[in-house]
Structure formats: structure tokens, C-alpha cells
Amino acid sequence: MRFLLDTEQRAFAASLDAMLSAADTPAVIRDWSRGERASGLALWSRIAEAGVFALAVPEAYEGLGPRPVELAVAFVELGRHAVPGPLVETVAAAALLLDPGPAERFLPTLAAGKSVATLAPEGSYALDGEAAALRLALAADGLRLAPGHGPVRTSLDPARRLTRLLPGGELLTRDPPVHHALCWARLATAAQALGVGLALLERTVAYVGQRVQFGVPVGSFQAVKHRLADAKIALEFARPLVLGAAVTMSPADVAAAKVSACEAAYATARTALQLHGAIGYTAEYDLSLWLTRARALRTAWGTPDDCRAEVLRGRGRTPRLRRDPDDRT
């Protein structure tokens, strides 16, 4: 089956690409990793003005959605430009806040980009808790509004700043739709990983076309072509899985899309690092911003084993919400 974007969806992707290309996202990422949030929050507002977060919010609460296909299209572009911040967490928060009271209270500001949200099990690490105005904690008795956060800890991706959510706080709902929110979070993560992989491939193809050894471009070597072809095929196989999962929103389909896209992006990152050589290891070189993101997304919102188990279960028992274990160090 072929999944083709319509004219409006392609124009939406192109407009986001143009906006993010002009935003100098590498500089924004480095500011964010130092805790300097002004440029990142300004970019967040522009992304919200483009309607990205509103795609996860129902029309009844000043959103445009739910529109998972358009959300996936947007997150591919966000991943392609490695935009920092709790993007997936804000989408997951919108999917959790379905009760009328909390929905009326929080969803309009999330859709408009006036509020940044993060989400994690109570007492565990949440992404960018110090930047988020809305900190949601999944406690034993339901969904709570966390009263604060602990110290910031570093992650394998410097732009992913981790803070432990403090226990207690206001109880928003006793029966949050965890499985529904997890499905949206995995879809957004899969699309973001696909965009990261595409950016890594594009940058690597350009680099091996310029790097010369033995008087010829490295990209002319057959072994290099094979590595790049393998990366390209893996990403192109992942693309219809992501779009197909956005159409069905089946937990098994979404899990399959996530494991496929994240593994393709991770494999592309390894190829990119090998073909760049020593320069690929340096934090000053922009490639590192995508390399670390690919590694972090691989296990965010469910490890590959978690997602494969979901695919095998089909529509079986509800999986437990998990955060990225690699981000806890």
C-alpha cells in the first residue's frame, strides 16, 4: 500500500521546513542544552502558530484535531531540524487531558503554544521539567499536577534536560487514558525519529561527496554507496509504516512504526558517524546534534523490545507507560 500526502499536507510540511531552516536550530539547540530557553521558547511559539500542537487538541478546546496524520507530517519536520523541547510530551499531555475540567483548563493554552507540558510517572525523570509550566505526573491514584521538580540532570542528548517530578500535587483525574496517550507519544516519536534519520542521511551524502581520498570523492567508493543505500532503504520502509499508523492509530501499528523508524534512524546515525570519521565525534560539529537525538529517541516511550511485544500482542493487555531508561543517567 502506498501512502501519499495530499497537496495541503505537502504544503504544510514545506512551510514548516522553510520556517525551521530560517530559525538556525543548531544555535537554538545549544542554547537549550545550556538552560538558556529564550530562543527555544520563541521557536516554540512559532511552531504553535503554525498549528502543530493544535493538531493534537480537539476542536472543542480551541484545537484543530485530533489529526494524527498531519501531526506525523509535522513531527517529521521537527525531527529533521532536531527542534529541542518536550514536543512529544506536550502531545501526550493533550491526549491525557480528556476529562472536561482539565481539558478546558489546559488544552487551549497547549494548542496556542502559551504553555509547555511535560509528563512522566510520579517520582521519575521528566523531560525539560524546568521549562514546562504544566508538569503532569502519573501517580498510583491517577494523574496529578506535580508541584515542582528536582535538580536538572544531563542526558545522552545534551538538549534533553531531565528533572525528577516531585510527588503530590493536585489530582486532575483518577482514570487517565494512559494507553491512548502512549499511542500518540509513540507516533510522534516515530515521526520525529524518521525526520532525524532523513537529516542524517542528507548530511552524510553531502559530506562524502565533498571529502576526497586517493584523489576521488569518498562517496564514489562502492562500500560507502552500499552503507548509504542500506540507510536509505530502511528509512523509506519506515515512512509508510509511520503514515499508516497515523491513519489507523492502532497500538500495534504505532508500535511497529516506532520500532521501524527509530531503528532506521539509529542505524543511519551509526553509518553517518562511520562515514564522517573523527569529525563526527566532536560536539562542535552540528552532526552530533542529530546523532545523540537518534540514540535518545530509540528508547524513548518504549524500547524496541517493548514495541515488538506490543506488535505481537496486537490489541492485548495495556502496556505500562515507561520513560527512556538511558535518559536516567
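Reading guide: rules and limits
Residues numbered from 1 in each chain as written. Predicted model: local features only at pLDDT ≥ 70, side-chain atom pairs only at ≥ 80, totals over all residues. Heavy atoms only, no water. Helix = DSSP H or I, 4+ residues; strand = E, 2+ residues; numbered from the N terminus. Buried < 20%, exposed > 50% of the residue type's maximum accessible area, 1.4 Å probe, protein only. Polar contact = N/O pair within 3.5 Å; in protein donor to acceptor, adjacent residues only side chain to side chain. Core = buried A, V, L, I, M, F, W, Y, C linked by side-chain atoms within 4.5 Å. Contact = heavy atoms within 4.5 Å. Phe/Tyr/Trp six-rings, centres within 6.5 Å; stacked < 30°, edge-to-face > 60°. Lys NZ or Arg CZ within 6 Å of the ring centre and 35° of its normal. Pairing = 2+ DSSP bridges. Axes fitted to C-alpha atoms, helices over the stretch in contact; angles between N-to-C directions. Parallel < 35°, antiparallel > 145°, perpendicular 65-115°, else oblique. Left-handed = near helix turned anticlockwise from the far one by under 90°. Nonpolar A, V, L, I, M, F, W, Y, C, P; charged D, E, K, R; others polar.

Draft legend 1. Representation of the side chain of Asp 157. Summarising the element assignment, Asp 157 is placed in the loop between β5 (149-153) and β6 (162-165). Residue Asp 157 is classed as buried on the basis of its relative accessible area, which comes to 2%. There is a polar contact of 3.4 Å between the side chain of Asp 157 and the side chain of Thr 292.

Draft legend 2. Expanded view of the nonpolar core. Core analysis: the biggest nonpolar cluster contains 82 residues, and Ile 47, Phe 75, Leu 97, Leu 136 and Val 242 have the highest contact counts within it. It is helix α7 (residues 178-210) that provides the largest number of residues to this core, a total of 14 residues. Sequence-distant contacts of Phe 75, that is, excluding residues within four places in its chain, are made with Val 52, Leu 87, Val 88, Val 91, Ala 188, Ala 191 and Gln 192. By size, the runner-up hydrophobic cluster in this structure holds 17 residues, among which are Ile 29, Val 196, Ala 269 and Trp 290.

Draft legend 3. Expanded view of the packing of aromatic side chains. Taken as a whole, this structure holds one aromatic pair when the rule is applied. Aromatic side chains Trp 44 and Phe 53 sit 4.6 Å apart centroid to centroid with 25 degrees between the ring planes, which places their arrangement in the stacked category. Above the face of the Trp 290 ring, Arg 203 is positioned so that its terminal group lies 4.1 Å from the ring centre. In this arrangement the basic side chain of Arg 295 is found over the ring face of Tyr 266, its NZ or CZ atom lying 5.9 Å from the centre.

Draft legend 4. Representation of the sheet that holds strand β1 (residues 117-121) within the structure. Ordered in space as β1-β3-β4-β7, the four strands form an open sheet in which the pairing is mixed. Every interior strand has two partners, whereas the edge strands, β1 and β7 (170-173), have only one. Taken over all neighbouring pairs, the strand axes of this sheet differ in orientation by 30 degrees on average, direction set aside. Its contacts with the sheet place helix α6 (residues 100-112) against β1, β3 (134-139), β4 (142-145) and β7, and it is angled at close to 90 degrees to β7.

Draft legend 5. Looking closely at helix α5 (residues 87-96). A large share of α5 lies buried, amounting to 10 of its 10 residues. Of the positions making up α5, those classed as buried are Leu 87, Val 88, Glu 89, Thr 90, Val 91, Ala 92, Ala 93, Ala 94, Ala 95 and Leu 96.

Draft legend 6. Here's a closer look at the packing of helix α4 (residues 68-80) against α7. Two elements in contact, α4 and α7, have axes whose closest approach is 6 Å; the angle formed by their N-to-C orientations is 40 degrees. As summarised for this structure, α4 and α7 are arranged oblique, according to the angle between their axes. Viewed along their axes, α4 and α7 form a crossing whose handedness is right-handed. In this structure, α4 contributes Pro 68, Leu 71, Ala 72, Phe 75, Val 76, Gly 79 and Arg 80 to the contact, and α7 contributes Trp 184, Leu 187, Ala 188, Ala 191, Gln 192, Leu 194, Gly 195, Val 196, Leu 198, Ala 199 and Glu 202. Each residue belonging to the contact of α4 with α7 can be placed in one class, and the counts come to 13 nonpolar, three polar and two charged.

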